[in-house]
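Spelled out, the chains give:
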Amino acid sequence: MIRSLALLAAALVPALLTACLTPAHVPAEIRGPERAMWVTRFDYRTKDDVLRIVEDCATAGVTEILFQVRGNATVSYKSNVEPWGEQFGFKDPGFDPLAVALEAAHARGIDLHAWINVIPAWWGTTPPSDPRQVWNAKPEWSWYDQKGVRQKFSEKFYVSLNPCLPEVRAYLTEVVRDLAIHYAVDGIHMDYIRFPNEPPATPKGSGADYPRDKRTVELFRAATGKDPDNDKAAWTTWRAQQVTQVVRDLRAVLKRTRQRCTLSAAVGVMPEKALSEHFQDVKTWCAEGLVDTVYPMNYANDLLTWQERAQAWTKVAGDVRVVMGIRAGGRDLAAHRAMMESAQRNHAGWSLFAYALIFESRSDELDPPTEEVKFQRSQLRKGLVPILRELAGKSGSAKTGE
């Protein structure tokens, strides 16, 4: 009898543990491979938009929503550091998108990670109209080239903050600290945790090198005893170290304020290219345990290329979880299924980019798709959502909206 009771207890403990933990605190090894969805800040304007997004994700069997709340130093939550987003006219919209998303997601057993663009300062061709926004308030924190020219605005891209400056890193740390102490997010998901220096941010043929303001160069010389023009390898390495310091600072502040909140990063297609071109040293982040999960933006259309990239990231990540990014569309449904099944078997799961490519979204109001694109998306949705639900059933643990 005693032995039977012991065996029964052993069988029940894992189930009881899962039942007693809140959705936010079910360990990954119990929950199984992630089935995540990137939701951009352009996908919602109202409370009903946010509720619909969560419901759509639940229906698709998603276990984790990467919910963008910071795009270009403006936010979609009540912040003591930065103004409300320009999509809300830089003012309180009368509801709190992050709070609404958190409550709805947790009620459905879905993790909610606050997705933030870290380095960008602003987007587009015209400056922000709010004087509080950091591009206006702290012009000395921008990128300046070797001629002392401030980084120019770009069509549909970002101008950036200078992570080489200690005061910028302190500012970014305070943004995350403020978010973490006021919202029970399951994670902070870092995007653009790199130099967004590709064209058009650095125009082709311009020769511009960022950031080359006097103070940044002095900091580099003090740290290395070298000059940017005379040792370009050292200059690249040092700039990568400054980005890594941002990650290190954010990791430290989360440990102090919300220990159960994970830190993750959307990372480049290939590790070495991300480092050499954009100063994103993910290998060091993983080796030092600075991040819990990496989400490679593995948007290849063919399965072979996708698998080769996935293998490269697995080698770099070591003990850090790898959730493979997959872009919705651009391939047949069989390829979508094969990539997601591979990610569930061989990695920590997958994350789809993005909600708006599968479901109807407010983002269409900003950039209206053609009728052909609308039709393609509707066909993708009809074919892909049943696959997502099927894969959720195979994985087991998530609610699927039924």
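Residues numbered from 1 in each chain as written. Predicted model: local features only at pLDDT ≥ 70, side-chain atom pairs only at ≥ 80, totals over all residues. Heavy atoms only, no water.

## Observations concerning the overall build of the protein
Note the threshold: Secondary structure elements are defined from DSSP: runs of H or I of at least 4 residues count as helices, runs of E of at least 2 residues count as strands, and each element is numbered from the N terminus. Radius of gyration here uses only the C-alpha atoms, and the compact-globule reference equals 2.2 Å multiplied by the residue count raised to the power 0.38. Buried means the residue's accessible area, taken with a 1.4 Å probe over protein chains only, is under 20% of the maximum for its type, while exposed means over 50%, and partly exposed covers the values in between. The contact criterion used is simple: two residues touch if any of their non-hydrogen atoms lie within 4.5 Å. Residue exposure ignores everything except the shown protein chains as possible cover, and the areas themselves are Shrake-Rupley values with a 1.4 Å probe. Neither His nor the chain ends is counted toward charge; the positive residues are Lys and Arg and the negative residues Asp and Glu. Where a charge lies is defined by one atom per residue type: Lys uses NZ, Arg uses CZ, Asp uses CG and Glu uses CD.
Scanning the protein from terminus to terminus reveals 14 helices and 11 strands. Radius of gyration (C-alpha) of the protein: 22 Å, near the 21 Å computed for a compact globule of 402 residues. Overall, the protein is about 80 × 55 × 45 Å in size when its C-alpha atoms are taken along their principal axes. A burial count over the protein gives 53% of its 402 residues as buried. Expressed as a percentage of contacts within the protein between residues at least 6 apart in sequence, the contacts between residues at least 24 apart total 75%. By element, 55% of the accessible surface of the protein is carried by carbon and sulfur atoms, the whole surface being about 17600 Å². Of the side chains in the protein, 51 bear a positive and 49 a negative charge, and the two mean positions are spaced by 2 Å.

## Points about the packing of aromatic side chains
Heads up, the rule is: Put simply, two rings from Phe, Tyr or Trp (the six-membered ring, in Trp's case) pair if the centres are within 6.5 Å, and we call them stacked under 30 degrees between planes, edge-to-face over 60, tilted for the rest. Sitting over a ring, as applied to charges here, requires NZ of Lys or CZ of Arg to be within 6 Å of the ring centre and within 35 degrees of the ring normal.
The full count for this structure, using the stated rule, is 21 aromatic pairs. When the ring of Tyr44 is compared with that of Phe67, the centres are 4.7 Å apart and the planes differ by 15°; the resulting orientation is stacked. In this pair, Tyr44 sits in the loop between strand S1 (34-39) and helix H3 (47-59) while Phe67 sits in strand S2 (residues 64-70), placing the two residues 23 residues apart along the sequence. With a relative accessible area of 0%, Tyr44 lands in the buried category. By relative accessible area, which is 1% here, Phe67 ends up buried. One aromatic cluster is present, built from ring pairs that chain together Trp38, Tyr295, Tyr299 and Phe353. Positioned above the aromatic ring of Trp135, the side-chain terminus of Arg150 is 3.7 Å from the ring centre.

## Focus on the environment of Arg248
Let me state the cut-off plainly: A 3.5 Å cut-off defines polar contacts: any pair of N or O atoms within that distance qualifies, except that in protein one atom must be a possible hydrogen donor and the other a possible acceptor, and neighbouring residues in sequence count only when both atoms are side-chain atoms.
Here Arg248 shows up in helix H8 (residues 232-257). The sequence separation of Arg248 and Asp56 amounts to 192 residues, and the corresponding C-alpha distance is 35 Å. Setting aside chain neighbours within four positions, we find Arg248 in contact with Glu288 and Leu290. Looking at Arg248, its side chain comes within polar contact range of the side chain of Gln245, at 2.9 Å.

## Description of unusual backbone geometry
In this model, Pro199 is joined to Pro200 through a cis peptide bond whose omega is 10°. Checked against the element boundaries, Pro200 lands in the loop between strand S6 (187-191) and helix H7 (214-224). In the segment running from Phe353 into Ala354, the intervening peptide bond is cis, with an omega of 0°. As for its position among the elements, Ala354 is in the loop between strand S11 (349-353) and helix H13 (363-366). At Ala73, a residue that is not glycine, the phi angle is positive and equals roughly 65°. In this fold, Ala73 is placed in the loop between S2 and helix H4 (97-107). Ala73 sits in the buried class, given a relative accessible area of 0%. Its identity as a non-glycine residue notwithstanding, Lys156 has a phi of 55°, on the positive side. Judged by its relative accessible area of 51%, Lys156 is exposed.

## A closer look at the sheet that holds S6
Counted only if it meets this: Strands are labelled as partners when DSSP assigns at least two bridges between them.
The strand order across the open sheet built from nine strands is S9-S8-S7-S6-S3-S2-S1-S11-S10, with neighbouring strands paired in parallel fashion. At either end of the open sheet lies a strand with only one pairing partner, and these are strand S9 (321-322) and strand S10 (324-327). Direction of pairing for strand S8 (residues 293-296) relative to S9: parallel, over a ladder of two bridges. Bridging from a neighbouring strand, Thr293 pairs with Arg321 of S9.

## A short note on the nonpolar core
The condition that has to hold: As used here, the term nonpolar core means buried Ala, Val, Leu, Ile, Met, Phe, Trp, Tyr and Cys residues forming a set that is joined through side-chain atoms within 4.5 Å.
Counting residues in each nonpolar core, the largest one holds 105 residues, and the members touching the most others are Phe67, Leu98, Leu179, Ile188 and Trp285. It is H8 that contributes the most residues to this core, 10 residues altogether. Leaving out residues up to four positions away in the same chain, Ile188 has contacts with Ala114, Ile116, Val176, Leu179, Leu254, Cys261, Thr262, Leu263 and Ser264. Core analysis: the next-biggest nonpolar cluster, separate from the first, contains eight residues, Leu66, Trp115, Val323 and Ala348 among them.

## Description of the side chain of Gln280
Along the chain, the position of Gln280 falls in the loop between helix H9 (271-278) and helix H10 (282-287). Classification of Gln280 as buried rests on a relative accessible area of 1%. In terms of polar contacts, Gln280 uses its side chain to reach the backbone amide nitrogen of Gly268, at 3.1 Å. Each residue touching Gln280, except ones within four places of it in the same chain, is listed here: Ile193, Arg194, Ala266, Val267, Gly268, Pro271, Ala274, Leu275 and Trp285.

## Examining the confidence of the model for the protein
The condition is simple: The pLDDT value tells you how sure the predictor is about a given residue, anywhere from 0 up to 100.
Mean pLDDT over the protein: 90, with 90% of residues reaching 70 or higher. For the stretch residues 1-25, pLDDT sits under 50, and the model shows 12 contacts to residues farther than four places along the chain or on other chains.

## Side note on the pattern of salt bridges
Applicable threshold: Criterion for a salt bridge: a side-chain nitrogen of Lys or Arg within 4 Å of a carboxyl oxygen of Asp or Glu.
Evaluation of the coordinates by the stated rule reveals 19 salt bridges. As a salt-bridge pair, Arg108 and Glu55 come within 2.5 Å of each other at their nearest N and O atoms. Linking Arg108 in the loop between H4 and strand S3 (111-117) with Glu55 in helix H3, this pair joins segments that are 53 residues apart in sequence. In this structure, the salt-bridge partner of Glu390 is Arg337, at a minimum N-O distance of 3.1 Å.

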